[in-house]
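Breakdown of the fold
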Amino acid sequence: IVIEGKIKLKNFDSAYCAGMEKSATKELTNQLGHRIGELQELLYANSNHAILLLFQGMDASGKDGSVRTVLQYVNPAGVEVANFKVPSDEERAHDFLWRIHRAIPRFGNIGVFNRSHYEAVLAERVLKIVPGKIWQQRYGQIVDFERMLVANRVMLLKFHLHISRDEQAERFRERLAN
């Protein structure tokens, strides 16, 4: 898919499945999960690179479940997981990427970010926590930061889990019922 211009999630079908049935998707995920486990062994043995998986999505979009499903075949000793909530006092005493940089996985490991540095900019923008000039600059700083990671042998794989508001509401109702 080639996308030009600004990306607007409302222009994407949240039910898109590339024509695959659920059972076929589960089988392919299982096969690829085994392959990820094999590749993790090579990553760990080589220890010259790190992989960082960034998961973004609305609440109830399936971030935790996706991480569990994708990484069920890897050795947990080679996985470093970070969740980014409201910054602590210590984190607020540093630049906004400090806590992110501290959580980058060591070479040989897979890092998982459930939410990421994008979250800070989004919250600051929506909640008007910082002036527009600052959050606008931070987009460029994020791009520079990610380029620096890649130049230093950290492979970034970014995933946005897109669900509709109706699906999100249904998942919240299911959580409340259970």
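Read on for an overview of the structure. Computed from a predicted model, the values in this text were never measured in an experiment.

Structural notes on the overall build of the protein
Within the protein, the secondary structure is distributed over 7 helices and 4 strands. The helix and strand sequence of the protein, counted from the amino end, reads α-β-α-β-α-α-β-α-α-β-α. Dimensions of the protein along its principal axes, counting C-alpha atoms only, are 50 × 45 × 40 Å. The proportion of buried residues among the 178 residues of the protein is 30%. The long-range share in the protein, meaning contacts at least 24 apart out of those at least 6 apart in sequence, stands at 77%. About 12,400 Å² of surface is accessible on the protein, with carbon and sulfur atoms providing 55% of the total.

Quick word on the sheet that holds strand β2 (residues 79-83)
Strand pairing in a sheet relies on backbone hydrogen bonds, with the paired strands running either antiparallel or parallel. With respect to topology, 4 strands assemble into an open sheet ordered β2-β3-β1-β4, the strand pairing being parallel. With one partner strand each, in any of the chains shown, β2 and β4 (154-161) form the two edges of the open sheet. This sheet shows a mean twist of 15° between the axes of neighbouring strands, independent of strand direction. As paired strands, strand β1 (residues 50-57) and β4 are joined by 8 bridges and run parallel to one another. Note on β4: the bridge partner recorded for Ile51 is Met155.

Points about the packing of aromatic side chains
Evaluated as defined, the whole model comprises 3 aromatic pairs. Each ring, one from Phe84 and one from Phe113, has its centre 4.9 Å from the other, and the planes form 80°; the classification is edge-to-face. Here Phe84, found in the loop between β2 and α3 (89-92), pairs with Phe113, found in strand β3 (residues 110-114); they are 29 residues apart in sequence, far enough to count as distant. Residue Phe113 is classed as buried on the basis of its relative accessible area, which comes to 0%.

About the cut-offs
- Residues numbered from 1 in each chain as written.
- Predicted model: local features only at pLDDT ≥ 70, side-chain atom pairs only at ≥ 80, totals over all residues.
- Heavy atoms only, no water.
- Helix = DSSP H or I, 4+ residues; strand = E, 2+ residues; numbered from the N terminus.
- Buried < 20%, exposed > 50% of the residue type's maximum accessible area, 1.4 Å probe, protein only.
- Contact = heavy atoms within 4.5 Å.
- Areas by Shrake-Rupley, 256 points an atom, 1.4 Å probe, with all protein chains shown as cover.
- Pairing = 2+ DSSP bridges.
- Axes fitted to C-alpha atoms, helices over the stretch in contact; angles between N-to-C directions.
- Phe/Tyr/Trp six-rings, centres within 6.5 Å; stacked < 30°, edge-to-face > 60°.

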